[in-house]
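Structural characterization, general
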Number of protein chains: 2
Amino acid sequence: MSTIVESRVRDIRFPTSKELDGSDAMNPDPDYSAAYLELRTDHPDGLEGHGFVFTIGRGNDVQAAAIEVVVQRFIGREVEPLLDDLGSVWRELNNDSQLRWLGPEKGVMHMAIGAVINALWDLKAKKANKPLWLLLAEMSPEELFGLIDLRYLTDAVSEQEALNILRRGAEEKQARIDRVRAEGYAAYTTSPGWLGYSDEKLERLAREAMADGFPQIKLKVGANLQDDIRRVRKAREVCGPDFPIAIDANQRWDVADAIEWVRELAPYDLAWVEEPTSPDDVLGHAAIAEAIAPIPVATGEHVQNRVVFKQMLQAKSLQVLQMDACRVAGVNENITILLLAAHFGVRVCPHAGGVGLCELVQHLSFFDSIAISGQLDNSRMIEFVDHLHEHFLTPVDVHDGRYWPPEAPGSTAEMSQPSLARYEFPNGAEWATTDTPVGVSV
Amino acid sequence: MSTIVESRVRDIRFPTSKELDGSDAMNPDPDYSAAYLELRTDHPDGLEGHGFVFTIGRGNDVQAAAIEVVVQRFIGREVEPLLDDLGSVWRELNNDSQLRWLGPEKGVMHMAIGAVINALWDLKAKKANKPLWLLLAEMSPEELFGLIDLRYLTDAVSEQEALNILRRGAEEKQARIDRVRAEGYAAYTTSPGWLGYSDEKLERLAREAMADGFPQIKLKVGANLQDDIRRVRKAREVCGPDFPIAIDANQRWDVADAIEWVRELAPYDLAWVEEPTSPDDVLGHAAIAEAIAPIPVATGEHVQNRVVFKQMLQAKSLQVLQMDACRVAGVNENITILLLAAHFGVRVCPHAGGVGLCELVQHLSFFDSIAISGQLDNSRMIEFVDHLHEHFLTPVDVHDGRYWPPEAPGSTAEMSQPSLARYEFPNGAEWATTDTPVGVSV
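Numbering of residues starts from 1 in each chain and follows the order in which that chain's sequence is written. Whichever chain is written first is A, and whichever ligand is written first is 1; the rest continue in order. Reporting of local features is limited, given that this is a predicted model, to residues whose pLDDT is at least 70; pairs of side-chain atoms are given and counted only at 80 or more, and all residues count toward the totals for whole chains, interfaces and linings. Side-chain measures here rest on the full set of heavy atoms in the structure, leaving out hydrogens and waters.

1. So, the relation of the copies chain B and chain A
Here the second copy of the chain follows from the first by a rotation about an axis and a shift along it. Here the copies are superposed with least squares, the fitted atoms being C-alpha atoms of residues at a pLDDT of at least 70 in both. Taken as rigid bodies, chain B and chain A are interconverted by a rotation of 180° and an axial shift of 0.0 Å, the fit giving an RMSD of 0.0 Å. The two molecules are tied by a two-fold rotation axis, judged by turn and shift. Minimal C-alpha separation from the rotation axis in chain B is found for Gly107(B), amounting to 2.5 Å. Contacts were defined at the residue level, with two residues in contact if any of their heavy atoms lie within 4.5 Å. Of all interface residues in chain B, 100% are interface residues in chain A too; the two copies therefore contact each other through one and the same surface.

2. Focus: the UniProt feature "domain: Mandelate racemase/muconate lactonizing enzyme C-terminal" (unreviewed entry) in chain A
UniProt records the feature "domain: Mandelate racemase/muconate lactonizing enzyme C-terminal" (unreviewed entry) at residues 199-295 of chain A, using the numbering of this structure. For the annotated span residues 199-295 of chain A, helix accounts for 52% and strand for 10% of the residues, and the straight-line distance between the end C-alpha atoms is 25 Å. UniProt positions are given in the numbering used here, feature names are shortened, and annotations may be inferred rather than shown by experiment. Each helix is a run of DSSP H or I of at least 4 residues and each strand a run of E of at least 2, with the numbering of both proceeding from the N terminus.

3. Digging into the interface of chain B and chain A
At the interface, 66 residues of chain B touch 66 residues of chain A. Whenever a carboxyl oxygen of Asp or Glu lies within 4 Å of a side-chain nitrogen of Lys or Arg, that contact is scored as a salt bridge. In this structure, the connection of chain B to chain A is made through six salt bridges. Residue Lys310(A) is joined to Asp281(B) by a salt bridge in which the shortest nitrogen-to-oxygen separation is 2.5 Å. Within the residue set of the side of chain B that touches chain A, elements represented by two or more residues are strand E3 (48-55), helix H1 (60-71), helix H4 (97-100), helix H5 (107-128), helix H13 (282-292) and helix H14 (306-314) of chain B. Top element by residues in the side of chain B that touches chain A is H1(B). It accounts for six residues. Note that Gly is not counted as nonpolar here; it falls among the polar residues with everything else outside the nonpolar set of Ala, Val, Leu, Ile, Met, Phe, Trp, Tyr, Cys and Pro and the charged set of Asp, Glu, Lys and Arg. The residue makeup of the side of chain B that touches chain A, split by class, is 29 nonpolar, 19 polar and 18 charged.

4. Some details on the sheet that holds strand E2 (residues 33-41) of chain B
All names here are of chain B. At least two bridges found by DSSP between two strands are what make those strands a pair. Read from one edge to the other, the open sheet built from three strands follows the order E1-E2-E3, with strand pairing classed as antiparallel. The open sheet has two edge strands with one neighbour each: strand E1 (4-13) and E3. With direction set aside, neighbouring strand axes in the sheet form an average angle of 15°. In the sheet, E1 pairs with E2 via nine bridges, with the strands oriented antiparallel. Looking at E2, one finds that Val9 is bridged to Leu37. In this description, a line fitted to the C-alpha atoms serves as the axis of each element, helices being fitted only across the stretch in contact, and the angle between N-to-C directions of two axes falls anywhere from 0 to 180 degrees. Contacts between H5 and the sheet are confined to E1, E2 and E3, with E3 contributing the most and set at about 145° to the helix.

5. So, the domain arrangement of chain A
All names here are of chain A. Boundaries of every domain are those given by an automatic assignment or by a domain database. Each assigned domain of chain A is listed here: domain 1 (4-129 + 418-432) and domain 2 (169-416). For domain 1 and domain 2, the distance between their C-alpha centroids amounts to 23 Å. If you look at the interface, domain 1 gives 40 residues, while domain 2 gives 41 residues. Together, the buried faces of domain 1 and domain 2 total about 3,400 Å²; carbon and sulfur atoms form 61% of this surface. The tally of links between domain 1 and domain 2 comes to two salt bridges. Polar contact is defined as a pair of N or O atoms within 3.5 Å, subject to the rule that within protein one atom must be able to donate a hydrogen and the other to accept it, and that residues adjacent in sequence are counted only when both atoms are side-chain atoms. Run the count over domain 1 and domain 2 and you get 14 residue pairs in polar contact (both at pLDDT 80 or more). Mapped by element, the contributors of at least two residues to the side of domain 1 that touches domain 2 are strand E2 (33-41), strand E3 (48-55), helix H3 (86-94), helix H5 (107-127) and helix H17 (417-423). It is H5 that provides the largest number of residues to the side of domain 1 that touches domain 2, a total of 10 residues. Residue classes in the side of domain 1 that touches domain 2 are distributed as 21 nonpolar, 13 polar and six charged. By buried area we mean how much accessible surface two parts lose on assembly, using a 1.4 Å probe and totalling the loss over both.

Here it is in structure tokens:
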């Protein structure tokens, strides 16, 4: 038996706003950040569980404070009973009646639960000496069923239907484990498309993305229609008529704006339209999806929990479900969301980028295709942005336009200690030597 | 000209879990709390603006940290330009791109914006030497229009429609100002109905509520069907066949559970069914409302923002809209929500109770009936719970089953300094002498 002896929560920020990497119509100057949790144990191997919430700067300290409050209860508890029943741990955290008032199940408190749950999964996978994706893929349907919570979902999927999906997913899964290892997993890239980039940079990066083998690129839109028409047209010219180009409005539009704007861009052939409006607007997304069909609507990176995803699937608000590893309450809730997507027959193409989102979410996609949806074609792709991977002990391996699965034990969410020290806000070396205190300015 | 010179954010908690006041099916042991903001100015009259977020215990420190982050930008800014254009202040806060990532517009960060906005309104009303309800009621339709933000709402209500509602509301409003002062405003009480109370206490308090002149009571339900049948039957026996009795499930049910449970209780004649399921479930509420009609569905205390209210109105998910003074981004967003309710012809009966929610929300109800809906009949009622009012400088005046409007300047949200000192967590006298550290226990 070992015990969780200590937690440390750190406010880690990267001054990305200096370069306009990551700029879009709603987020002109993000400082990619992580409220970062380290869970220490007295296990003889020095096992630690790491997890984090991705944010874009200001408020990362509030997110860290929320993780502190959630994680406290685990200090002094034995590791093995926790790791053996992460379904109960998930329910304990989500049903804390006092903390629940602060959501419920949304925003800062919900993401904090996600960081803690994900750190426990990191610990579990390290202890099992397996990468998280494989640990999940090798669990039985019944074990997986014990991890999820169908509360508020049973009008869409019954317990029996959920179990049936898991049992179907388990059939011949070893073949899919082998295929993911042998063939990797499709990636698409957003790197060419940031709003702050010049047309020349967009064209150069689009060419490079194709040369690198990516099967799709994505452009940020939504600030100015004429600019968007020009940028999408240029991308289409560079990429040729058959190459998939998606657009992402980052919630910029009202319903009518979205429909009008997409009609102007539709002649350039859009692979999907991402986050056209408020992520809370199930009915608005449904109206947009109906109006712009057959162009698919994609959303999810800001969808707060499984209850909103359920409704988006019921209402046909989305045709591409963009799971995020840090937005909801961790691995368990994302398994539930993957089940919902499979039940409704909607493909999952996770949101990634930021800090560490690629490292973390790849495990969930591999697991989805191996053990839930069972689908391993190129219609399921993971977003890829080539930022900040160097800070992780096991950076994602993306080449030839594909993610290649890690074999390192754990969730590959662990950042290097020198990076953590350098980017800790506000006293790390990076911030001490930065002129503009971006993280606190208005 | 005066300047905002200082802010103080305090973690105030009341150990209400000791008495089971406020217990319901989801919240068995709340410690009613406030993340409490004081904004100080150098105005010669010593003007201060006070605002708060109501929580139920653990995590109140996270909520306080969020208010700290939001309020920082105002320190050193001139008071008058802020108070003259609170519409722009609201947009500045809600569109802070980095903070927005932590919601957007939901949970801890959104409620923090609400506390800051409400403190500025308290300041504005004190400076005008008027109670907040009167300050709002006397604003012109055009001034009110400048306060709201229809982003993400224009598929439901256009700018012109919003302005028309405000202009209609302004017609003959002086007569309604006079009527609210002369006749008060209907209240209903939840005091008899907490789940932790014995049947005898329920019956005694129900009798007292009727004797006190309240036109409706509400019972908490959802933990055990047989208990609920017994409790609702006893209340019906005590109150007689014509007295309105509402029930409140505090999100306890899935859709099918809600429909089944309400069918069992319907023979006792229900005034409304409150929070039957997840507050995020627009479509679930709509399905429940359709199935249990003509019994109305009431919800709102946990509805995160105007976008979710918009959908609930579009989908007929609710027939009674329960605005909350602290859940959304303050007075401005609540004006927008009142406009939506008026546009859809749905009555507003605010959530109150907790700490200070009665004191704060009464202003919005008076304003609604005077200047937006124009309706001053007893179908619009404010919840009343007789808890913790003694801690406020101007406690609500509720007698003869009605709220009587305050004439004191401000939003009546200001707590007394001795109470703030006594209940500050964890070092106030109340906590230093409490055996159980309820606020930190798991």
